[in-house]
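An overview of the molecular structure
What follows is the residue order along each chain.
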Amino acid sequence: MRQYFKNIFIALWTILIGLKLTFKHLFVRAVTIQYPDVKLKLPERARNRLYVNIDDCIGCRQCEMACPVDCITIETVKALPNEDLGVTSTGNKKRLWVTKFDIDISKCCYCGLCVYPCPTECIYMTDVYEFSEYKRHNLIYHFSNFTPEEAELKKKQVEQFELEQKMKKTAKPVEQVAVNNPGNPEEKS
Amino acid sequence: MPEILNMLIASVIPLLFILVYAVVILWVEIKVASHVQDRLGYMYTGGFHGWAQPIADLLKLLTKEHITPANSDKILFTLAPFVVFAGSYAAYAALPFTSTFIAANLNVGIFYIIAITSFVVIGILMAGWSSNNKYSLFGAMRSVAQIVSYEIPTALSILTVVIVAGTLNLQEVCQMQKGGLFNWNIFKYPPFMLITFLIYFIASLAEVNRTPFDIPEAESELVAGYHTEYTGMKFAMFYLAEYANMFLVSGISAILFFGGWDSPFGEFLSGPAWGVFWFVSKGLFFVFLQIMLRWTLPRLRVDQLMYVSWKVLTPISFVNIMAVGLWAILK
Amino acid sequence: MATFEITTRSVKGELKTDTMILNMGPQHPSTHGVLRLELVVDGEIIVDVIPHIGYLHRCFEKHAEQMTNYQQVIPYVDRMDYVAAMGNELAYVLAVEKLMGIEVPERVQYIRVIMAELQRIASHLLAIGTYGLDLGAFTPFLWCFREREKILDMFEITCGARLLYNYIWIGGLSHDLPSDFGKKLKDFLKTFPKALKEINDLLTFNKIFIDRTANIGVLPADVAINYGCSGPMLRGSGVKFDLRKNEPYLVYDRFEFDVPIGEGKMGTVGDCWDRYYVRVREMEESLKIIEQAWEQLPPGDVHAAIPKKARPPQGEVYFRTENPRGELGFYIISDGHTSSPFRVKARAPSFVNLSVLPEISRGYMIADLVAILGSVDIVLGEVDR
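Everything numeric in this text was worked out from a predicted model, so none of it was measured.

Here we come to helix H5 (residues 119–130) of chain B. Residues lying three or four places apart along an α-helix face the same way, a consequence of the helix completing one turn every 3.6 residues. Residue and element names in this part refer to chain B. Along its twelve residues, H5 runs 17 Å from first to last C-alpha, staying within 8% of the 16 Å computed at 1.5 Å per residue. Judged by how many residues are buried, H5 sits mostly within the fold: nine of twelve residues are covered. Listed in full, the buried residues belonging to H5 are Val120, Val121, Gly123, Ile124, Leu125, Met126, Ala127, Gly128 and Ser130. Looking at the buried side of H5, the elements it contacts are helix H3 (74–91), helix H6 (134–165) and helix H9 (232–258).

Here's what the structure looks like:
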């Protein structure tokens, strides 16, 4: 019997305490920020959209190997000896043409594992988070400066050069034999 | 001819009042909810804190398609929202908005109101049954049990006031409380009238299906209860009916306990026009209290709801009515 | 509330009733994720509950075998229990470090403790908030999330991400604490107890809330131990077992804190209210640990012990830590000559805790099932992996 009245009293008392709290919160300043008119400034370590400074890339593929979801695709072509690609801003000499550097940002999991192995710090995470697109293929970012045709051209050039190198290597001994036997003019190559 | 014109005006004015009030109270409810939760709520439509948002919502609901589920009882499905609304709208006929305006000055005013608000039960059951949906039926059955059980404490507490006032006519109940703050019914026979008011307030929360008694529309359990399958204007009717009901019970508690259209200062600021202002603001104050309770308390379970009604409210209101009756006789 | 006798055979003079199968489907506002519960109900009383899981299965363990090194598995481990990611990373990294025999510097251990305890507070805030939401109290949910935002802000300035961190690495951490971390932490430690008191006043001691959760879903201690429950589920039933005290890892043995257990204050020992209240008190204890850890934080280099290439010797290891949801264990087999794991198995606490659901919900009503499920505090990412 006593418990019955006690229950009623406790119920009413806790309801009143709850009402007092919510009434107090009516006058607390709201914490909402009116996005998109007002945007929060992200901290400096914020991990959002990736960016690659392709001029600094030496094509080492460390980021491609470090990515857990395989969202980076890189294709490189060896530079010919007579071509000078220059130096990156950190002082590394570039030896490879980076013909394809695609990042599928829709696959990226924003873990940042690709940032740490890069020797020239050319891939890093920016604070851009509003990059939605209407078409899904627009989310595959092409960072390389080569169009597919130029890339093909470069690859063919390198293949050509390597073929010439190989033929020069196999042709050298024949030439020496021809020099040692000067009496066989038809076998000159 | 003037008869019909009078009837028309008398029935249109409460309807207009309900429509305007519903638009305003929708905005107030969301804003109160937001600020209690430390956030902003409506901000854009119309400029200052989104005051035009409920109007936009109303327009959107008007243009939506009416989807009727297959295998549903089409007639009942279409009729249900209107029955629910008719139940609460018809009760506005007996509310005295001011000393000179009451749509129907019935001698059995409050009795008529109690009777006509039971119409809502039929409407809810129609809605739940005709939706052809297990969850809706659950919600409807719970709602019927709830409303029917809570009508008893409601009626008993109203009966207590009738004993004090000696009449069922709402206009006369208000007239008897004329004269300022301390003439109001809630200060008579202390503390019994206070207890009566508390019982009436809690029971009326259950009548309107508001938290903590809102299991018929329990959002986290049954999606939306008995009005899950409703779209467009029919859904808007349910919403309108709920808010109309809220003001109805608040208005009745204002009339019965707090003097109705009487000004708390006695003669100062009183008169027919001021009467409307006092009545509406008292009603809105209790509506505001109901809104605050919604955002404060968790929900009661079905059997706990029944326990509160039958084992707490009903016995206490019986004791109350006997105490007040005895006191009134011995006076 | 007493449990009810269910008779489905027709007794002389009584109406024969039949049970109904109700589907609380994968899409439901209160199942905390994609969980399908098949309920066999008699009116409103539950006769049986059959949980169906697997809607969020993402083959985490198979993925872990395909990775090129142990470091790459850490983003995957994050996404298992996405609500409390630091705990996952910690368990995995500690397992790998035990296998490789790496000794991390003291500063790393202290920072890991601070991060794990902050994550515990954040996870419990979410558990409490959504529990109130399930029961119809809409306001504490937003107040809890406001406090949680402060913790996530602290995480964001440290490692750059709010929810899935990739912060705890094998042998150390990815970044050292930034300069404004201390100020934010001190502000949080000052304002959080007040906010917790408000949430307690509004929800925990509210009579309606107590009526909804006391004496519901009573889990006796022996049943809990038999089913392998852990964390607040076990401690709510009165068993004083906490891995941070019984098998201390990192530097937990240097801190003074209490292990709250359920005492049946508002009902039976082991009911939903007890489990809920254990979580509330655990947050207060975590505050104590963070304060002590912050005072004792030694200087040092967090990158000192990170190996160039993590190549564990052949062997297997099982390491368990105290996740906010229970005991999270990782069983890792390494075959010695590759740098990727041979097998990674995660023993998820929510998976084991969920298995006790049919046992404790027989005889209660559907509305009680929502309360019981909320008190088990599952995250489907962990249940399904």
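Attention now goes to the nonpolar core. Ranked by internal contacts, the top residues of the largest apolar core, which has 202 residues, are B:Ala244, C:Met86, C:Tyr92, C:Ala95, C:Val96 and C:Ile372. The element best represented in this core is H9(B), accounting for 17 residues. Those residues in contact with C:Ala95 that sit more than four places away from it in its chain are C:Val317, C:Phe319, C:Phe330 and C:Ile332. In this structure, A:Cys57, A:Ile58, A:Ile74 and A:Trp97 belong to the second largest nonpolar core, which totals 22 residues.

All names here are of chain C. With respect to topology, three strands assemble into an open sheet ordered E1-E2-E3, the strand pairing being antiparallel. What marks the edges here is a single partner per strand, and that holds for strand E1 (20–24) and strand E3 (45–52). Ignoring strand direction, the axes of neighbouring strands in this sheet form an average angle of 25 degrees.

Residue and element names in this part refer to chain A. UniProt's entry tags Cys57, Cys60, Cys63 and Cys118 with the feature "binding site: [4Fe-4S] cluster 1" (unreviewed entry), counted in the numbering of this structure. The largest pairwise C-alpha distance within this set of annotated residues, which runs over 62 residues, is 10.7 Å, so the set is compact in three dimensions. Here Cys60 lies in the loop between strand E1 (50–52) and helix H2 (62–66). Structurally, Cys63 is set in helix H2. Not counting chain neighbours up to four residues away, the residues in contact with Cys63 comprise Ile72, Cys114, Pro117, Cys118 and Ile123.

Frequently, the measure chosen for interface size is the accessible area that the parts lose on association. In this complex, chain C contributes 24 residues to the contact, which on the side of chain B involves 21 residues. Broken down by secondary-structure element, the contributors of at least two residues to the side of chain C that touches chain B are helix H4 (106–134), helix H5 (139–159), helix H7 (207–213) and helix H14 (366–376) of chain C. Tallied by class, residues from the side of chain C that touches chain B come to 14 nonpolar, five polar and five charged.

Attention shifts here to the sheet that holds strand E2 (residues 72–78) of chain A. Residue and element names in this part refer to chain A. Taken in spatial order, the three strands of this open sheet run E2-E3-E5, and their pairing is antiparallel. Pairing within the sheet leaves two strands with one partner each, and these edge strands are E2 and strand E5 (140–142). Strand-to-strand twist across the sheet, computed as the mean angle between neighbouring axes with direction ignored, equals 15 degrees. Where strand E3 (residues 96–104) and E5 come together, three bridges link them in antiparallel fashion.

The omega torsion across A:Tyr35 and A:Pro36 is 5 degrees, close enough to zero to call that bond cis. Within the secondary structure, A:Pro36 is located in the loop between helix H1 (2–25) and E1. You will see that C:Asn215, though not glycine, has its phi angle at about 60 degrees, which is positive. Positionally, C:Asn215 belongs in the loop between H7 and helix H8 (221–227).

The next thing to look at is the environment of C:Gly329. Residue and element names in this part refer to chain C. Relative to the helices and strands, Gly329 resides in strand E7 (residues 326–334). Linking Gly329 and Ala95, residues 234 residues apart in sequence, is a C-alpha distance of 8.6 Å. Apart from the residues lying within four places of it in its own chain, the contact partners of Gly329 are Ala91, Tyr318, Phe319, Arg320 and Arg347.

On to the confidence of the model for chain C, then. Per-chain confidence: chain C averages 88 in pLDDT, with 95% of residues scoring 70 or above. Per-residue pLDDT stays below 50 along residues 1–10 of chain C; that stretch engages in eleven contacts with residues further than four places along the chain or on separate chains.

Attention now moves to the interface of chain B and chain A. Each side of the interface is counted separately: chain B has twelve residues, and chain A has 13 residues. When residues in the side of chain B that touches chain A are grouped by element, the largest group, three residues, is from helix H1 (residues 2–36) of chain B. Residues belonging to the side of chain B that touches chain A are distributed by class as follows: eight nonpolar, two polar and two charged.

Residue and element names in this part refer to chain A. Within the UniProt annotation, "binding site: [4Fe-4S] cluster 2" (unreviewed entry) is assigned to Cys67, Cys108, Cys111 and Cys114. Across 48 residues of sequence, these annotated residues stay compact in space, with a maximum C-alpha separation of 10.4 Å. Here Cys67 shows up in the loop between H2 and E2. By the C-beta count within 10 Å, which is 21 here, Cys67 ends up buried. Apart from residues no more than four positions distant in its own chain, Cys67 is found in contact with Ile72, Leu113 and Cys114.

This brings us to the packing of H3(B) against H5(B). Residues and elements named next belong to chain B. Where H3 contacts H5, the two axes come as close as 8 Å, and the packing angle between them is 160 degrees. As judged from the angle between their axes, H3 and H5 are roughly antiparallel. Of the two elements, H3 crosses H5, and the hand of that crossing is left-handed. Residues Leu76, Phe77, Leu79, Ala80, Val83, Val84, Ala86, Gly87 and Ser88 of H3 form the contact with H5, whose own contacting residues are Phe119, Val120, Ile122, Gly123, Ile124, Met126, Ala127, Trp129 and Ser130. A class-by-class count of the residues in the contact of H3 with H5 yields 14 nonpolar, four polar and no charged.

Residue and element names in this part refer to chain B. Mapped onto the fold, Ala104 is located in the loop between strand E2 (101–102) and helix H4 (109–116). With 13 residues separating them along the chain, Ala104 and Ala91 place their C-alpha atoms 10.0 Å apart. If sequence neighbours within four positions are ignored, Ala104 has contacts with Ala93 and Ala94.

The rules behind these values
- Residues numbered from 1 in each chain as written.
- Chains lettered and ligands numbered in written order.
- Predicted model: local features only at pLDDT ≥ 70, side-chain atom pairs only at ≥ 80, totals over all residues.
- Helix = DSSP H or I, 4+ residues; strand = E, 2+ residues; numbered from the N terminus.
- Expected span 1.5 Å × (residues − 1).
- Buried ≥ 20, exposed ≤ 12 C-beta atoms within 10 Å, placed from the backbone.
- Contact = placed C-beta atoms within 7 Å.
- Core = buried A, V, L, I, M, F, W, Y, C linked by C-beta atoms within 7 Å.
- Pairing = 2+ DSSP bridges.
- Axes fitted to C-alpha atoms, helices over the stretch in contact; angles between N-to-C directions.
- UniProt positions renumbered as here; feature names shortened; annotations may be inferred.
- Nonpolar A, V, L, I, M, F, W, Y, C, P; charged D, E, K, R; others polar.
- pLDDT = per-residue confidence, 0-100.
- Parallel < 35°, antiparallel > 145°, perpendicular 65-115°, else oblique.
- Left-handed = near helix turned anticlockwise from the far one by under 90°.

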